[in-house]
Structure formats: structure tokens, C-alpha cells
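# Residue-level structural notes
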Amino acid sequence: MSFLQGINAAGNGGTQHSLPTSAMYQLDIVLKKGNNLAIRDRGGTSDPYVKFKIAGKEVFRSKIIHKNLNPVWDERVCLIVDNLQEPLYFKVFDYDFGLQDDFMGSAYLYLDSLELQRPLDVRLDLQDPHCPDQDLGSLELAVTLFPRSTEDRENLRLSDMHRKSQLWRGIVSIRLIEGRNLIPMDQNGLSDPYVKFKLGPQKYKSKTIPKTLNPQWREQFDLHLYDEEGGILEITVWDKDIGRRDDFIGHCQLDLSKLSREKTHKLELELEEDKGTLVLLVTLTATVVVSISDLSVNLLDDPDERQQIIKRYSPLRSFLNLKDVGIVQVKILRAEGLMAADVTGKSDPFCIAELCNDRLQTHTVYKTLNPEWNKVFTFNVKDIHSVLEISVYDEDRDRSTDFLGKVAVPLLNVRCNSEQKAYVLRNKELTGPTKGVIFLEADVIFNVKASLRTFVPPEQKYIEEESKFSKQMLQQNFNRVKRCVLFLINVGSYINSCFQWESPRRSLCAFLIFVVVVWNFEIYMVPLSLLLLLTWNYFLLASGKESHEGSQAMEDLLEDVDEEYDKDDKDSEKKGFLDKFYAVQDVIITVQNALDEVACFGERVKNTFNWSVPFLSWLAIMVLCTGATLIYFIPLRYIVLVWGINKFTKKLRDPYIIENNELLDFLSRVPSDVQLIQYKELKPETSLSPSKKRRNNPG
């Protein structure tokens, strides 16, 4: 067998052909094996896998070969390419569960140097751009390039339109129930266990249950199936330690290809070496509509398709598939005036659209600050209170991508048949503007069952940044809690002033109201009083008396947050003394997060009555009206009796049920003051002060 080592060079011994680069081609690749790959693990081995990328977009990922420097993959892949000027980029990584995978080398295959319909055996020498002299081994491939006719192109386009360009094959719904007989890792004979899940590039980390060997997690989350056969779900259990690295408890794997679809499986998975058992409920479901296409293949612009979708989410179908709430389509058209991330004064921008755990990516437009993508993304909506996030990055071939800007659009802020809008890009924290504007067009169709989904736990993101200590963030959260406490103190002082007769007229009115209410009090008046508060605030908002005060308070908070993050940028370069003590830092992070939760709770209650999200305020009115009516006509003891029977028998009816609190689930959908700032649209012509311009546009 002969290997072509010089295939990456132009010319290639006179075999260079002038192939039309605008045609369509089929590239068949067999990833055979790797030779003498780099050592990345302590045991003197690696767990290699390979990524294929074209134009910055990942088009294939191989399986992982554990503990082998000469892995044999023998995997076949068929790619459709329409630009031979874009090389095929191979990157090899060492898989590390729970950590960032280690880079093992990369290589290019230049497609314009291939001959048509001639199978070639190729050896690619791996290199590290930062250490070009280091020997990282090689990859062996078999490559064949075929032409595709224009008829094939049209057929492919039509098939893509009918398939809606599905990017994954299904969804794995997992309920982590409990652990049994885990081994102790702490001196007290107990552990603080949590679980990590990994399915391909997707990761999820459970909450930590302190001081137990039989933890009860009761968590539910979804992962995507990219492999038609299922794939391997890797599960590890860890013991949380404050002040040092967490201890590894045990590991197990689940082969999803052995599970039948559309059926819930109760699984008791044994950790290796008898280190305990995990109890899971796993369900494999069919693929939802998540797609990416060009403007010419547009789902909602077709009147027939649109009518079918509207019929699918009609009120008559409200109780069918409660998880399928609606559909959202966003057109990412173009951007203007982006930040220059390269030394040439240009950028290589691409966009990532995220809706909770659904994540789609555009192609990269090279060497421009005014890119045009013209892509249409379609998502299924599981929660109408989700936020659509569009992030713009600059592609760097051998380094991590550079952040250029971001916008966050709550789905409830999207109007049906929306026209093209310009959104000012924000920084990573969404607290202030950065350079550039992105043009989007969004459309949402949803069902009234979105209201029912409001009272169940929201879907948790399985890719989230861990909390970090920041004294500015700690101070900000403290100030937010202080505002809530001061509000309660002011209310208490106002009530106390009525008892002190500081204002005779006010005290007399309060006394008369007290006597009338107490004499005629019925329990149904409690939700009625909340209804009166909502109605009063609605009329204040309609009259414009509250809008200026609320917007001014938000602007003040925005200024505070922006200044705090600006200080963070300056202080992050200096390692503080506290950063060296992990135990103290973990405690401070816990306090910081606790303050944030308390502040968010108070702000969300306030924003419910302030009509910050009209959908939720109207929903609260409906619930309060229903509650007042039931209490008025049905004796309270009957209602409490039904509630108690349901609570006592719930565990008997479903032993693996995940408990939830409907009130807290409702409040979790109401944005806090910080989130209102992050979701607030900035006008492109917003004028900034010179100091703020310098701060937000450092480039």
C-alpha cells in the first residue's frame, strides 16, 4: 500500500487538475487508523477521536478509542462539498471525561489536489501550530472524490426541504432518581455525591446531595441523539470536596442502541468494582423539528406549510403532546460594523443560535466586518418563556474562537410575521453594548398549552458556566437584596405610622378599612386582594405613571451593573489573596449565589405585579380568579382535604415522581431586574458617552 505524504502541497507531481470549484462533489472518506499518536494521559496512553471540519463547521466526529496510541477506527463518512477551495480540516483530541479534551494534533486535506473518481490512500502527518517540530503521529485515510450533477443538486435540495435538514436523530429523556450503597469518601464515613453525564459533546452535571451514601436526586433532563444507533452514555459519580479536587467514586456506561424507542426504561446501573448503584428512568423519543436551511428553503413562508403548523397548534389540540408548545423560526440575515478580531483589521464571523439546549451554527464568512449569512433556523418550543440567544464569534483555525457580540430575545417578545429588525450586539454578560449590529427576522407560533407548561419545572441547560467569585457581583447581589429588604421595612414603617397617628386622616382611613375588612373577611378575599393589586398596577402602567419611574430604575441598575463588570475586567488581571484559598472561595460563592436567589425571588414577585411580562401577569389573573371562585363556592376544608390526599398518595401512585412547586415554577419564568436589563432591546442609534464608548469598544 502506498501513502501520499505530499498531497497537501499544490501541484502534487503534475496531477493538479483545474476542477470547477462551483460544482457539487461527493467526498467519500474511510478513516482507517492512527499511528504513534501523542501521549496525553498519565498512564502513557490517550483516548483519541477525530473531528472533521469544513469552513469552520464540524461535519463529522469519530468514535472514541480508549487507551490506544495506534487506534483503528475503520469509519466511513460521505460528505457533500460545493467548494474545493475550502480544505478539509482534521483535529485529533484526547477524550477526558468532565475536563476539557486535550489537543493531539491537526492536519489539512486540500480537496483541489484530488483527482476525480480515483481512490487514494492518504497519510496525514499531525502537527501542532505552536510546536511545529513536535512529532504527533499520523492518520491513514482512503479518499475518493466524485462529481455530482445539477440534477443531483436539485434532488438533494428537495430532499433537504422535505426532511427539514434534521441535525439529530432523537432525544434521550433521563430522570436521575437515586443512588444506592455508594462507597464513603469522607472521614465521617459518608459522601457528598453528584453525577456527571456525557453523550458525545453534551454534558450534564447533577446537583450535590450532602452527607449520604443513598442520595435522592430526582432530576430530569434531555440530551440529543446524533447517532442513529444510539451511542454510549457515559456516567461518573463524584464526591464534592471543598478546598480540594473532588474525589472520583465510580463509573458506568449505558449503550442506548439496546433500548427500544418510545418506551420508558427503569434501569439499575452498577458502578464498576461494586462501588454502588444508580437508578435511572430513560426514554428515547423521536426527533423534534430542529433545522437549518437557506432562505430559499423557508418553512413558514410557504402558506400551505404555515397553515398546517397553525392547525397543529390550534386550541383544539391543546392537550396533545404537552411538551410540544410551539415552533420558532429565526432568519439570521447579516451583521454590520463588527469588531475587528484579526491583525488584518477584519474578522471571520459566524453565528450560533441557542434555544435552551438546542444549538445551531451558521457557516463562516471570511475576512469581513459586514457578513451575510442568510440562514433560517427552526426550533421546536418546549417552553414559551425560553430566551433565544444569538452569539457572533470570530473563527480562529487553531485557537479558541473570539467573542464578538451577543443578543438575547425572549420568545414572548417576538411578534408573529415579524419584520426584519436590527439588534445592537451586547457583551458576554449582556450588560452593555459592544460594536456591531445584527439583523434578524423571527416568527413564533405557539399553543395555549404554553400556560400549562408554566407551572412545571423549566428545562435546565446542561452546558452552563460554573459560578465564579467576584467581589463586584457579591456587592451587586447584596445591594439587590438590600433593596428588597428596604421595601419591606418601608411597608412596615408605613403601617406602623398608621398606629402612631402621625397623619390623622391616614390613620382614620386605615382604622375604618381594618374594621370593615375584618368584620366581613372571607378566605376568598385573599386572591381578590392580589387581583386588585394587579389591576391597579395595570391602570397605572396604562396611564404612563409607572413607566418612567420603572425605566429610570432599570437604567440606574444597568449603569451599576456595567460599572461593576468594568471593574471586574480591570481586577481580573490581579490575583487576589482569597483566590488562593479554595475553601474560603467556595463559601463566598455559596453566599453570592444565595444572595442572588433571594434577590431574584423578591424581584420576580415585584415584576409579576408590575406587568413586566404581560403574558405572565394575565396568567396570574386567570389563576387568581379561578382560585377565588373555587374558594367562594367550595368550603376551604374540602380544598385542603383534596390537596392533602393528593400529597400523601403521590408517592404511592408514582414512586419515581420528581417533586415540584407550582408557585416557584411560575416565578422562575418571571425575569429578575438583571434579566430585564439583559433582554431590553437597544436602539442602533443609541448615543453613548465618550467614556462608555471607550469602555464598550476597546478595539
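Treat the numbers as computed from the prediction; the structure is a model and nothing was measured.

### Focus on the overall build of the chain
A count of helical and extended segments in the chain gives 13 helices and 25 strands. Pairs at least 24 residues apart make up 69% of the contacts formed inside the chain by residues separated by at least 6 positions. Looking at the chain as shown, the accessible area adds up to about 38,000 Å², and 56% of this sits on carbon and sulfur atoms.

### A word on the side chain of Asp-673
In this structure, Asp-673 sits in helix 12 (residues 673-679). Owing to a relative accessible area of 12%, Asp-673 belongs among the buried residues under this scheme. Within the structure, Asp-673 has its side chain in polar contact with the side chain of Asn-607 (distance 3.2 Å).

### Structural notes on the sheet that holds strand 5 (residues 88-94)
Strand order in the open sheet formed by four strands is 3-2-5-6, with antiparallel pairing between adjacent strands. Because the sheet does not close on itself, it has two edges, and the strands there are strand 3 (57-61) and strand 6 (102-109). Here the average twist between neighbouring strands, direction ignored, is 25 degrees. In this sheet, strand 3 lies alongside strand 2 (residues 48-54) in antiparallel orientation, the contact comprising four bridges.

### Looking at unusual backbone geometry
With phi around 65 degrees, Leu-430 is a residue other than glycine that occupies positive phi space. Along the chain, Leu-430 falls in the loop between strand 24 (421-426) and strand 25 (433-446). Its identity as a non-glycine residue notwithstanding, Trp-611 has a phi of 60 degrees, on the positive side. Its place among the elements puts Trp-611 in the loop between helix 8 (582-609) and helix 9 (614-633).

### Re the sheet that holds strand 14 (residues 247-255)
Strand order in the open sheet formed by four strands is 11-10-13-14, and the pairing between neighbours is antiparallel. Each of the sheet's edge strands pairs with one partner strand only, and the pair in question is strand 11 (202-205) and strand 14. Across the sheet, the mean angle from the axis of one strand to that of its neighbour is 15 degrees, orientation sign disregarded. Inspection of the sheet shows strand 13 (residues 232-239) paired to strand 14 by eight bridges, in the antiparallel sense. When the bridges of strand 14 are listed, Asp-239 appears paired with Asp-247.

### Quick word on the pattern of salt bridges
All chains considered together, the criterion is met by 16 salt bridges. The partner of Arg-180 in a salt bridge is Glu-268, with the nearest N and O atoms 3.3 Å apart. Separated by 88 residues along the polypeptide, Arg-180 in strand 9 (residues 170-180) and Glu-268 in strand 15 (residues 264-270) bring together distant segments of the chain. Using a relative accessible area of 27% as the deciding quantity, one classes Arg-180 as partly exposed. The partly exposed category is assigned to Glu-268, whose relative accessible area is 43%. Its salt-bridge partner being Lys-382, residue Asp-222 comes within 3.6 Å of it at the nearest N-O pair.

### As for the nonpolar core
Core analysis: the largest hydrophobic core is formed by 46 residues, its most contacted members being Ile-332, Phe-379, Ile-390 and Ile-438. A domain-level breakdown of this core finds at least three residues from each of domain 3 (292-454) and domain 4 (522-543 + 586-679). Among the nonpolar cores identified, the runner-up in size contains 34 residues, and Leu-37, Phe-52, Ile-54 and Val-81 belong to it.

### Things to note about the UniProt feature "transmembrane region" (unreviewed entry) in the chain
According to UniProt, the "transmembrane region" (unreviewed entry) feature falls on residues 511-539 and 615-643. Secondary structure across residues 511-539 divides into 86% helix and 0% strand, with the first and last C-alpha atoms of the span separated by 26 Å. Secondary structure content for residues 615-643 is 93% helix and 0% strand, and the end C-alpha separation is 27 Å.

### Regarding a nonpolar patch on the surface
Taken together, the side chains of Ile-513, Val-517, Phe-521, Ile-523, Val-526, Leu-636, Val-640 and Trp-643 define a hydrophobic patch exposed on the protein surface, amounting to about 720 Å² of accessible area. Mapped onto the nonpolar patch, the elements with two or more residues apiece are helix 5 (504-520) and helix 10 (636-653). The element best represented in the nonpolar patch is helix 10, accounting for three residues. Relative to the elements of secondary structure, Val-526 occurs in helix 6 (residues 525-543).

### Observations concerning helix 9
Along an α-helix, residues three or four positions apart point the same way, because every turn accommodates 3.6 residues. With 20 residues, helix 9 extends 29 Å from end C-alpha to end C-alpha; this agrees with the ideal 28 Å at 1.5 Å per step. Within helix 9, burial applies to Leu-616, Ser-617, Leu-619, Ala-620, Ile-621, Leu-624 and Ala-628.

### Concerning the packing of helix 6 against helix 9
Packing of helix 6 against helix 9 leaves a shortest axis separation of 9 Å and a crossing angle of 150 degrees. As far as their axial angle goes, helix 9 and helix 6 are roughly antiparallel. For the element pair helix 6 and helix 9, the recorded crossing hand is left-handed. Residues Pro-527, Leu-528, Leu-530, Leu-531, Leu-534 and Tyr-538 of helix 6 form the contact with helix 9, whose own contacting residues are Ser-617, Trp-618, Ala-620, Ile-621, Leu-624, Cys-625, Gly-627 and Ala-628. Considering only residue class, the contact of helix 6 with helix 9 consists of 12 nonpolar, two polar and no charged.

### Describing the packing of aromatic side chains
Across all of its chains, the model carries 20 aromatic pairs by this definition. With a centroid separation of 5.8 Å and 75 degrees between ring planes, the pair formed by Tyr-538 and Phe-539 is classed as edge-to-face. Classification of Tyr-538 by relative accessible area gives partly exposed; the value is 34%. Given the relative accessible area of 54%, Phe-539 is considered exposed. Aromatic rings pair up to connect Tyr-538, Phe-539, Trp-611 and Trp-618 into one cluster. Note that Lys-51 overlies the ring of Phe-93, its terminal NZ or CZ placed 4.8 Å from the centroid.

### Some points on the pairing of strand 25
With 11 of its 14 residues buried, strand 25 lies for the most part within the structure. As paired elements, strand 18 (residues 326-336) and strand 25 share 10 bridges and run antiparallel to each other. When the bridges of strand 25 are listed, Gln-329 appears paired with Asp-443. Two strands pair when backbone bridges link them, and strand 24 and strand 25 are joined in this way by five bridges, in the antiparallel orientation. Residue pairing in the sheet places Val-424 in a bridge with Val-437 of strand 25.

Quick notes on the rules
Numbering of residues starts from 1 in each chain and follows the order in which that chain's sequence is written. Note on the predicted model: pLDDT of at least 70 is required for a residue's local features to be given, and 80 or more for side-chain atom pairs to be given and counted; whole-chain, interface and lining totals, by contrast, use all residues. Note that the side-chain values use all heavy atoms of the structure and ignore hydrogens as well as water. Helix numbering and strand numbering both begin at the N terminus, where a helix is a DSSP run of H or I of at least 4 residues and a strand a DSSP run of E of at least 2. Residue contacts follow a heavy-atom distance rule, with two residues in contact if any of their heavy atoms lie within 4.5 Å. Using a 1.4 Å probe, the Shrake-Rupley method yields the accessible areas, and only the shown protein chains count as cover for residues. Here the term buried applies to any residue with accessible area under 20% of the maximum for its type, exposed to any over 50%, and partly exposed to those in between, with areas from a 1.4 Å probe on protein chains only. Definition of a polar contact: a pair of N or O atoms within 3.5 Å, with one able to donate and the other able to accept a hydrogen when the atoms are protein atoms, and with sequence-neighbouring residues admitted only if both atoms are side-chain atoms. For two strands to be treated as a pair, DSSP must find no fewer than two bridges joining them. Lines fitted to C-alpha atoms define the axes here, with helix axes fitted over just the stretch in contact, and angles between the N-to-C directions of these axes take values from 0 to 180 degrees. What makes a salt bridge here is a side-chain nitrogen of Lys or Arg within 4 Å of a carboxyl oxygen of Asp or Glu, nothing more. Residues belong to one nonpolar core when they are buried, are Ala, Val, Leu, Ile, Met, Phe, Trp, Tyr or Cys, and are joined through side-chain atoms within 4.5 Å. As used throughout, domain bounds are those supplied by an automatic or database domain assignment. UniProt positions are given in the numbering used here, feature names are shortened, and annotations may be inferred rather than shown by experiment. Here the term patch refers to residues with relative accessible area over 30% and no salt bridge, with like charges joined within 9 Å and nonpolar side chains (Val, Leu, Ile, Met, Phe, Trp, Tyr) within 5 Å. What a helix is expected to span follows from its residue count: subtract one and scale by 1.5 Å. Here the angle decides the label: under 35 degrees means roughly parallel, over 145 means roughly antiparallel, 65 to 115 means roughly perpendicular, and every other value means oblique. Here is the rule for handedness: rotate from the far helix to the near one, and if that takes an anticlockwise turn smaller than a right angle the crossing is left-handed, while a clockwise turn gives right-handed. Under the convention adopted here, Pro, Cys and the residues Ala, Val, Leu, Ile, Met, Phe, Trp and Tyr are nonpolar, Asp, Glu, Lys and Arg are charged, and Gly plus all remaining residues are polar. Planes of paired rings set the category: under 30 degrees apart is stacked, over 60 is edge-to-face and the rest tilted, where pairs are Phe, Tyr or Trp rings (Trp by its six-membered ring) whose centres lie within 6.5 Å. Counting as a charge over the ring demands two things of the Lys NZ or Arg CZ atom: a distance within 6 Å of the ring centre and an angle within 35 degrees of the ring normal.

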